[in-house]
Protein chains: 4
Amino acid sequence: MKDIQNLKDERNVDIQKVGIKHLDMPLIVQRKNSTNQVVSAQAKVNVSLPKDYKGTHMSRFVEVLTEWQHKNLLGVDIKGCLEQIIKRLDAQNGEVEFKFKYFIDKESPVTKLKAPMSFDCIFKGLMYDGIYKFVLGVEVPVTTLCPCSKEISENGAHNQRAFIRVRVSYDEDKQVWIEDLIDIVESCASCPVYPLLKRQDEKFVTEKAYSNPKFVEDVLRDVVVMLRNHEIVNEFEVECEAFESIHNHSAWAYQAETK
Amino acid sequence: MKDIQNLKDERNVDIQKVGIKHLDMPLIVQRKNSTNQVVSAQAKVNVSLPKDYKGTHMSRFVEVLTEWQHKNLLGVDIKGCLEQIIKRLDAQNGEVEFKFKYFIDKESPVTKLKAPMSFDCIFKGLMYDGIYKFVLGVEVPVTTLCPCSKEISENGAHNQRAFIRVRVSYDEDKQVWIEDLIDIVESCASCPVYPLLKRQDEKFVTEKAYSNPKFVEDVLRDVVVMLRNHEIVNEFEVECEAFESIHNHSAWAYQAETK
Amino acid sequence: MKDIQNLKDERNVDIQKVGIKHLDMPLIVQRKNSTNQVVSAQAKVNVSLPKDYKGTHMSRFVEVLTEWQHKNLLGVDIKGCLEQIIKRLDAQNGEVEFKFKYFIDKESPVTKLKAPMSFDCIFKGLMYDGIYKFVLGVEVPVTTLCPCSKEISENGAHNQRAFIRVRVSYDEDKQVWIEDLIDIVESCASCPVYPLLKRQDEKFVTEKAYSNPKFVEDVLRDVVVMLRNHEIVNEFEVECEAFESIHNHSAWAYQAETK
Amino acid sequence: MKDIQNLKDERNVDIQKVGIKHLDMPLIVQRKNSTNQVVSAQAKVNVSLPKDYKGTHMSRFVEVLTEWQHKNLLGVDIKGCLEQIIKRLDAQNGEVEFKFKYFIDKESPVTKLKAPMSFDCIFKGLMYDGIYKFVLGVEVPVTTLCPCSKEISENGAHNQRAFIRVRVSYDEDKQVWIEDLIDIVESCASCPVYPLLKRQDEKFVTEKAYSNPKFVEDVLRDVVVMLRNHEIVNEFEVECEAFESIHNHSAWAYQAETK
């Protein structure tokens, strides 16, 4: 059969990224101090394509990813998957990204009851001119309580669910656990959120949030300071979006820094 | 050209609903005490198809809808559009539904400053065996403040954005305005939400919500009582979903009643 | 601490459904002829609440669901989970629903290469006045090729990805496997879709779809006939939505039948 | 009342972006060779915040945007809105972005029947250190037909709906019309898509796509060549995502260039 993809192309366009998106697949993620966890991931993978070639070979992406569904992943070690993709596609550069919900058994603050809670995570690997970069992303739901509302009101203060999205990079011989990154992020909110709260717990989180008011600016700055001081992280992005309980829109703040 | 759709079908299946979904189109909606408003609607329209026919004629749905984009609609008068669809498709039964964001200039409670706020609305018409039914739907974002959290905590109370979704039916010679239905629904929450709040307004809404705690059950019951007593509405559905600020899941309540 | 939820309510509204939505949790699903599979589920669970009680006890839903995350489920056996919820909430009626992506290793039609492919599934249990009903749902992506386009065109025919969504009910002593339901549904399309196709496979699926043109009406009717003749299924819903490659909207057909 | 936002902050973090997201508002967009069009937009707006200030003043964003809902916009002239935001917030840098569905009356290729079709558009303005940059974005649904499938199959070829997303920048004294950008993009696909097609039209688009096969790589390269040669555009991003009719995942290609 004719290999149309291998035809010569005359348009003089080196393609920066070509590949596949929205491919669902199971992955195995290594947990901190525990056994591994099977997650339901969505993969995006792409390579560069020189101007001489009409097309890439899409099925090879799926072949390589299929092999990797049985590995026990730390995150940063998706380098191996990316190298294999780049080799199989005979490419110069490439990227691979997995998005998935990661479950942690979370303990309520007073009654110490446990229930699973999910966090949207990302493992992303990039290889450009032989240089590897890994990005670990996590999205942490939290509570924020408005300092202005508390200050000016006789009683109460508006509060809401907010999301803190963090992406960090670190060297491939280092390891940041999802669990530890979530702990850092949660410590910067007015209060963490929990899947299971009995009345004593609800009293605790209500009072904790009230005693710890934070704007999205405050949450962002606290996370930024933590990550500036983090020994392993050498590059990060942070955003905080609060689904304001008094509006139908969000308050939002964003920062990206390289050390 | 051969009309494949008109071929005879032998499978003995009278199709209940066949048509098109996710068709974007502009619509003109008549406002209460004001001029009309151009909205960006998404249409879904379908008819029944007797077992003898292989297929319906999809392009006719688009033709009829295209004619109706220039009418000034109250909602209940989409009956005309539905009748035309049923006639053009030579069908027994049919349904038409438009979803759109409807804007209202909303005034902040103390400073009286105005800004536009959108509400997700639905106009739905159904014709079965010649009997017409109209459904008006509106989704209203509000604030709910937890009565339990307030009661058991020394200070503050968790609160959050919630959505109250209402669908009402009424006779075709009557009219319920979107504006009035929103007013009913907002009056049942701990507090309405606003697009624009200055500090005096923020103090007002914080204190109002704190003095007016409501579970999703309370919100639901208050809306149900209002609609049971509504002179024009003869059938309704209500649901309230609160995006709990202390959890990453929602509290939810639902009721459907026919008078 | 005061139990606000147990306060007496005077509004005379028996609430039909109250509970929680959008709770993520892992589940273990039993596979046909294989070991089990860990899936990432989203739960919705609700009960009825008599008019005398101000509120339900939301944390108990999470407690019961947390216990059930470690069971090996067939689907229909979520009856046990539902009974426990109804008992713990002291309710008359209740519903529980789990949505999840289920992975099947799918073999390409000619080269017989395997790769995982996901299907959106639902397990839903309802208990009203002591009568249990179970619903198994699956959403199957397929290819549809237009009979009209093929007939009237000199070459080619427009085709597209379509989704066939099926929900079936059966008695609690019976079992329909997700794998078998997917097989039934795929057999009614112009061609199944696959995660991994080499060139020989691509030739096969292109020619198969071209030789097997189907409107959404055809797909719907074929599935309806299969389910009418299914020995175990006693109630079903089917819909087919085709993301037309020549439009930016969908063609859609729907049927619900009880035997 | 105390202005908490104006308190001094000690954390030494100059915030790069802080503002609001997901604010719905109507906008008026000037059409090419026609009257204006009212669109339903979603706004995102943010400014920089120096390290000395605890918070920004969120309500001022809404005040400025509310004033701009009545202007007749070309796109590039949102510079005025952005300047006002930066002034009112006393900021150094800022960004404003509006996303909206824009309707064009599209004529079927043979029968010349018209119906409205929507395109997701973006107007984005950025001001950093006094330098203004405008980005016009449009997402165009099209048909792509696979060259490989056509070549290797005896009959037919798989085809599908695809999206071509383009973002272009140009100087503020120039003007690129949404209508013209859509024309460029559509000319690079196997065939445009249409809201309304009668049988003669369906024959035309089926045969046109079959005679004009394109990979996502081909579509991308053709758009890149057109934009490299565009007299006004000085920077662009292009991506093409095809919802493969033979898979449940997408083929995807991406390019960004500055002239």
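Residues numbered from 1 in each chain as written. Chains lettered and ligands numbered in written order. Predicted model: local features only at pLDDT ≥ 70, side-chain atom pairs only at ≥ 80, totals over all residues. Heavy atoms only, no water.

(A) Region of interest: the relation of the copies chain D and chain A. If you rotate chain D by 180 degrees and push it 0.0 Å along the axis, it lands on chain A with an RMSD of 0.0 Å. In short, the pair behaves as if placed about a two-fold rotation axis. The C-alpha atom lying nearest the rotation axis in chain D is that of Ala256(D); the distance is 10 Å. Taken as a fraction of all interface residues of chain D, those also at the interface in chain A reach 100%, which identifies the copy contact as same-surface. (Least-squares fit on C-alpha atoms with pLDDT ≥ 70 in both. Contact = heavy atoms within 4.5 Å.)

(B) Highlighting the interface of chain D and chain B. Taken together, the contact between chain D and chain B spans 29 residues of the former and 29 residues of the latter. Here chain D and chain B share an interface that buries about 2500 Å² over both sides, 61% of which is from carbon and sulfur atoms. Counting the contacts that link chain D with chain B gives six salt bridges. Salt-bridge contacts for Asp3(D) lead to Arg199(B); the nearest nitrogen and oxygen are separated by 3.7 Å. Our count for the contact surface shared by chain D and chain B stands at eight residue pairs in polar contact (both at pLDDT 80 or more). Listing elements by their share of the side of chain D that touches chain B, those giving two or more residues are strand S1 (15-30), strand S2 (36-49), helix H1 (58-68), strand S4 (94-107), strand S5 (114-128) and helix H5 (199-210) of chain D. Ranked by the residues each element gives to the side of chain D that touches chain B, the list is headed by H1(D), at five residues. (Buried area = accessible area lost by both parts, 1.4 Å probe. Salt bridge = Lys/Arg side-chain N within 4 Å of Asp/Glu carboxyl O. Polar contact = N/O pair within 3.5 Å; in protein donor to acceptor, adjacent residues only side chain to side chain. Helix = DSSP H or I, 4+ residues; strand = E, 2+ residues; numbered from the N terminus.)

(C) Structural detail: the environment of Leu197(C). Within the element layout of this structure, Leu197(C) appears in the loop between strand S8 (191-192) and helix H5 (199-210). Residue Leu197(C) is classed as buried on the basis of its relative accessible area of 5%. Not counting chain neighbours up to four residues away, the residues in contact with Leu197(C) comprise Ser59(A), Ser108(C), Pro109(C), Glu202(C), Val205(C), Ile246(D) and His247(D). (Buried < 20%, exposed > 50% of the residue type's maximum accessible area, 1.4 Å probe, protein only.)

(D) Main features of H5(C). With 12 residues, H5(C) ought to run about 16 Å at 1.5 Å a step, and its terminal C-alpha atoms sit 17 Å apart, in line with that. Residues Asp201(C), Glu202(C), Val205(C), Thr206(C), Ala209(C) and Tyr210(C) constitute the buried set of H5(C). Relative to the axis of H5(C), the buried residues are bounded by an arc of 160 degrees and lie together on one face. Taken together, the buried residues of H5(C) touch strand S6 (131-145), helix H3 (147-152) and S8 of chain C together with helix H3 (147-152) of chain D. (Expected span 1.5 Å × (residues − 1). Arc of directions from axis to C-beta.)

(E) Up close: the interface of chain D and chain A. In this complex, chain D contributes 55 residues to the contact, which on the side of chain A involves 55 residues. Overall, the association of chain D and chain A removes approximately 4500 Å² of surface from exposure, summing both partners, and the carbon and sulfur fraction of that is 54%. Considering only the surface of chain D that becomes buried against chain A, Arg11(D), Arg221(D) and Trp252(D) emerge as the three largest contributors, covering 18% of it. In this assembly, chain D and chain A are joined by 10 salt bridges. Its salt-bridge partner being Arg11(D), residue Asp222(A) comes within 2.8 Å of it at the nearest N-O pair. Taken together, the connections running from chain D to chain A amount to 32 residue pairs in polar contact (both at pLDDT 80 or more). Looking at the side of chain D that touches chain A, the elements with two or more residues in it are S1, S2, H1, H3, helix H6 (216-228), strand S9 (235-242) and strand S10 (250-258) of chain D. For the side of chain D that touches chain A, the residue count by class is 25 nonpolar, 12 polar and 18 charged. (Nonpolar A, V, L, I, M, F, W, Y, C, P; charged D, E, K, R; others polar.)

(F) The domain arrangement of chain A, seen in detail. All names here are of chain A. The assigned domain composition of chain A is domain 1 (1-107) and domain 2 (138-259). Here the C-alpha centroids of domain 1 and domain 2 sit 31 Å apart. With 12 residues of domain 1 at the interface, the matching set in domain 2 holds 15 residues. Carbon and sulfur atoms make up 60% of the surface buried where domain 1 meets domain 2, a total of about 1200 Å² over both sides. When the area that domain 1 buries against domain 2 is broken down by residue, the three leading residues are Lys32, Val76 and Lys106, summing to 52%. Here domain 1 is connected to domain 2 by six residue pairs in polar contact (both at pLDDT 80 or more). (Domains from an automatic or database assignment.)

(G) Summary view of the pattern of salt bridges. Going through the model one piece at a time under the given rule, you end up with 100 salt bridges over all chains. One salt bridge in this structure joins Glu257(B) and Arg228(B), with 2.8 Å as the shortest N-O distance. Remark: Arg228(B) occurs in helix H6 (residues 216-228) and Glu257(B) occurs in strand S10 (residues 250-258); sequence separation between them is 29 residues. With a shortest N-O distance of 3.6 Å, Glu97(D) and Lys124(D) are connected by a salt bridge. Of this pair, Glu97(D) sits in strand S4 while Lys124(D) sits in strand S5, and the two are 27 residues apart along the sequence. Its relative accessible area of 10% is what places Glu97(D) among the buried residues. By relative accessible area, which is 19% here, Lys124(D) ends up buried. Beyond isolated ion pairs, a larger network of salt bridges with shared partners links Asp9(A), Arg11(A), Lys54(A), Lys214(D), Asp218(D), Arg221(D) and Asp222(D).

(H) Here's a closer look at the pairing of strand S7 (residues 159-169) of chain A. Residues and elements named next belong to chain A. Burial of S7 is extensive: nine of the 11 residues sit out of reach of the surface. In this structure, strand S6 (residues 131-145) lies alongside S7, joined through 11 bridges in antiparallel fashion. Among the inter-strand pairings, Glu139 is bridged to a residue of S7, identified as Arg165. Pairing geometry for S7 and strand S9 (residues 235-242), over eight bridges, is antiparallel. What sits directly across from Ser169, in S9, is Glu235. (Pairing = 2+ DSSP bridges.)

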